[in-house]
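# Inside the fold
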Amino acid sequence: MAKCSACVEGTKKAWSRTARRIRWTSLVCILRFFVTARRLTHMSDIRHAALHILIPLFPLSAFHAHGKTILPAIYNNMQSDPPVTIYRILTGLWSAIAGPSPGIARRTALALLDENALEKLLDLVEREDVDPTSDKTVGDLTMAFLESTTTVPRQGICFPDEGWYPRKSGDGDENDEDLGGSGRRRDENKMRKGLHNRILSNVVRKLGAKVVDGQGRVGDWVIKVLQACPEIVAGYWPHSALSLEPRLNARWLATISYVGRIISLPPPALSTFHEPIPRGSDLTESLPRPSPPSVNVMIESIFPSPMGKVHLTKGLQSNDHLVQHVTALALARGLQKLETVQATLRQIETEVEAQPGTSENASPSIWTKRRLELELECRRRVPEVFVIIAFAQKSATLARVPADSDDEPDPKLVAKSALLTEVALRLFGLYHKTLPTISREAKFDVGKLLVSASSAKAERREKREAREGSVISDSGSVGSVGTIGTVGMGGGFGQSRGDVDGFEAISQVHVLSLLSQVQDWQWTNKACKLKHLFNIPVPGY
């Protein structure tokens, strides 16, 4: 018994000496870290000493197990950190994420970057103070880090998705168990299961109107995220909190421009419309998917729900020309996106019809039906074609002066008229190309766009030359040469032949392109008193 007691006492003394040595060693280490932090940041506080200890631990899995407890304290106080500290934190994070192999890098990124981390980093993108180490602003450093970890598929927390198709159950390594609860909660859980990039989706939804505030860096980041992850576009708009009620102010202009940039993003890659194949395989070996994407998903990338028919119509009918022009550009972006998507769907239709066993007399494929359903849904979200015609008429007559007047029109109004007329004709052509049914219902003869007279300016010049006794114009051509203009839109937008440039020349190209697409227009329609027609070889255009 005595020997046992002696052993116990000896063990206690040994542990006591060891504990004292650990305490002294820890104290010396902490003092050394204070000195190092003071030398690096000129700030001797607990936070910078702790960061000096924790940053090298970022790549370790043992640290990841406690990351949810430690990391929030690091991110929450970055707004008050000096630039050199932010630079050290971002450098440490990037080294931990980019260094390992892809599988380990994915787990590391998920452990280090969560929704709270991204929200705190986004608060730094507007900071303009310069880091002396890199000679870059805090905003530039933060944007470079965010773009590298959130906007490049297979890098950081940005994972490849399936375009407009939902994520299949069981994909990835995240928990797919049913969380139970109420029906609403189960629906929300089901929606989250359909995404490959849940973290990014949740972050962009919470930004609200911040996307158009400040220098627009947050909006630029969101656009890059949406381009890298097309799957989250449809779910973004209900939570965007963006107001597109037409009004002439800076916020509305910034908002409609931001929405237009998202609309102009290219559709998902063609490979996403085919059955998944191993990476690196030939795409021609993959068959089209048995069903096309949902109309509700595709339409939100073309004509988002915040930019509805009411807002577009009100914008085109506005009394302010800038509001009209910006609204028309947003509508044109949507129609051009629709044209691109329709071309993709037609290509898949062709591939389906070319498959063995497909009969020529077979009923239309599901891809064809889905394309027609998409066109029908777009019709519900765009203004009526009569609104476009009225907009074109008003634009073409903006700089009009009385017929019996020799006064020249206001150059500013002439420029506005040419600008608005060009975009109006562009819309008219896109309507005929992408929404042929709505254009045919309007029963507007596009042959009226081919006029038999020159512009109002040329007509006034002819009258002046007639009074002076001249039959030859100043340019040396006969005064009755025809041109292209807007016959039923107020007297034409063109000038005499050889004297057309700028937006008027582009307008003529729009008219020629439109006439080449329509087969039943009446070339004999005239809108002026002159009898000579301009000979345009439309069929060969």
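Above this text sits the structure in question.
Within any chain, residue numbers begin from 1 and follow the written order of that chain's sequence. This being a predicted model, a pLDDT of at least 70 is required before a residue's local features are given, and a value of 80 or more before pairs of side-chain atoms are given or counted; all residues contribute to the totals for chains, interfaces and linings. Only hydrogens and water are removed before side-chain values are computed, so all heavy atoms of the structure are retained for them.

## Details of helix 16 (residues 321-353)
How we decide: The helix count covers DSSP runs of H or I at least four residues long, the strand count covers runs of E at least two residues long, and both are numbered beginning at the N terminus. Multiplying 1.5 Å by the residue count of a helix minus one yields the expected span of that helix. In protein, a polar contact means a hydrogen-donor-capable atom and an acceptor-capable atom, both N or O and within 3.5 Å, with residues adjacent in sequence counting only if both atoms are side-chain atoms; elsewhere, any N or O pair within 3.5 Å suffices.
For helix 16, with 33 residues, the first-to-last C-alpha span of 47 Å sits near the 48 Å given by 1.5 Å per residue. Where helix 16 begins, one side-chain oxygen reaches toward the backbone nitrogen of leucine 322, 2.9 Å away; that side chain belongs to aspartate 320.

## Quick notes on empty space enclosed by the protein
Applicable threshold: Only protein atoms enter the calculation, which uses a 1 Å grid: trapped sets of points that fit a 1.4 Å probe without letting it out are cavities, open sets showing protein on both sides within 12 Å along at least five of seven lines are pockets, and any residue with an atom within 4 Å of a point is a lining residue. Grid points are joined across faces, edges and corners, and a volume is the space filled by probe spheres set on the points. The nonpolar class holds Ala, Val, Leu, Ile, Met, Phe, Trp, Tyr, Cys and Pro. Asp, Glu, Lys and Arg form the charged class, and all remaining residues, Gly among them, are polar.
If you walk through the whole model with that rule in mind, you get 3 cavities of 30 Å³ or more. By volume, the largest cavity amounts to about 70 Å³. Residue composition of the lining of the largest cavity, grouped by class: 9 nonpolar, 2 polar and 1 charged.

## Considerations on the nonpolar core
Put simply, the rule reads: The criterion is simple. A nonpolar core is a set of buried Ala, Val, Leu, Ile, Met, Phe, Trp, Tyr and Cys residues joined through side-chain atoms within 4.5 Å. The classification of residues rests on relative accessible area computed with a 1.4 Å probe and restricted to protein chains. Under 20% of the type maximum is buried, over 50% is exposed, and intermediate values are partly exposed. Pairs of residues are marked as contacts when any of their non-hydrogen atoms sit within 4.5 Å.
Counting residues in hydrophobic clusters, the biggest one holds 103 residues, and the most contacted among them are Trp221, Val222, Tyr236, Tyr258, Leu331 and Leu374. If one sorts the elements of this core by residue count, helix 16 sits on top with 12 residues. Ignoring any residue separated from it by four or fewer positions in sequence, one finds tryptophan 221 in contact with Leu122, Met143, Leu146, Thr150, Thr151, Leu200, Val203, Val204 and Leu207.

## What to know about the packing of helix 18 (residues 385-396) against helix 19 (residues 411-434)
If you want to describe how two helices pack, look at the angle between their axes and the distance between the axes. Quick reminder of the rule: Axis lines are fitted through C-alpha atoms, for helices just across the contact stretch, and the angle between N-to-C directions can take any value from 0 to 180 degrees. The labels follow the angle: roughly parallel below 35 degrees, roughly antiparallel above 145, roughly perpendicular from 65 to 115, and oblique for the rest. Crossings are assigned a handedness: left-handed for a near helix turned anticlockwise from the far helix by less than a right angle, right-handed for a clockwise turn.
In contact at an axis separation of 8 Å, helix 18 and helix 19 are set at 155 degrees when each is read in the N-to-C sense. Comparing their axes, helix 19 and helix 18 come out roughly antiparallel. Of the two possible hands of crossing, helix 18 and helix 19 adopt the one that is left-handed. Mapping the contact onto sequence places Val385, Ile388, Ile389, Phe391, Ala392, Ser395 and Ala396 in helix 18 and Ser417, Leu420, Thr421, Val423, Ala424, Leu427, Phe428 and Tyr431 in helix 19. Partitioned by chemical class, the residues of the contact of helix 18 with helix 19 number 12 nonpolar, 3 polar and no charged.

## Comments concerning the environment of leucine 110
Of note, leucine 110 is situated in helix 6 (residues 102-112). Separated by 46 residues in the primary sequence, leucine 110 and glycine 156 have C-alpha atoms spaced 7.9 Å apart. Leucine 110 has contacts with Ile157, Phe159 and Ile199, leaving out every residue within four places of it along the chain.

## So, the packing of helix 2 (residues 46-54) against helix 4 (residues 67-76)
Interhelical geometry of helix 2 versus helix 4 gives an angle of 130 degrees and a closest axis separation of 12 Å. Regarding the angle of helix 2 to helix 4, the classification is oblique. Here helix 2 runs over helix 4; the crossing is left-handed. The residues of helix 4 that touch helix 2, namely those facing Arg47, Leu51 and Leu54, are Ile70, Ala73 and Ile74. Along the lines of polarity and charge, the residues of the contact of helix 2 with helix 4 split into 5 nonpolar, no polar and 1 charged.

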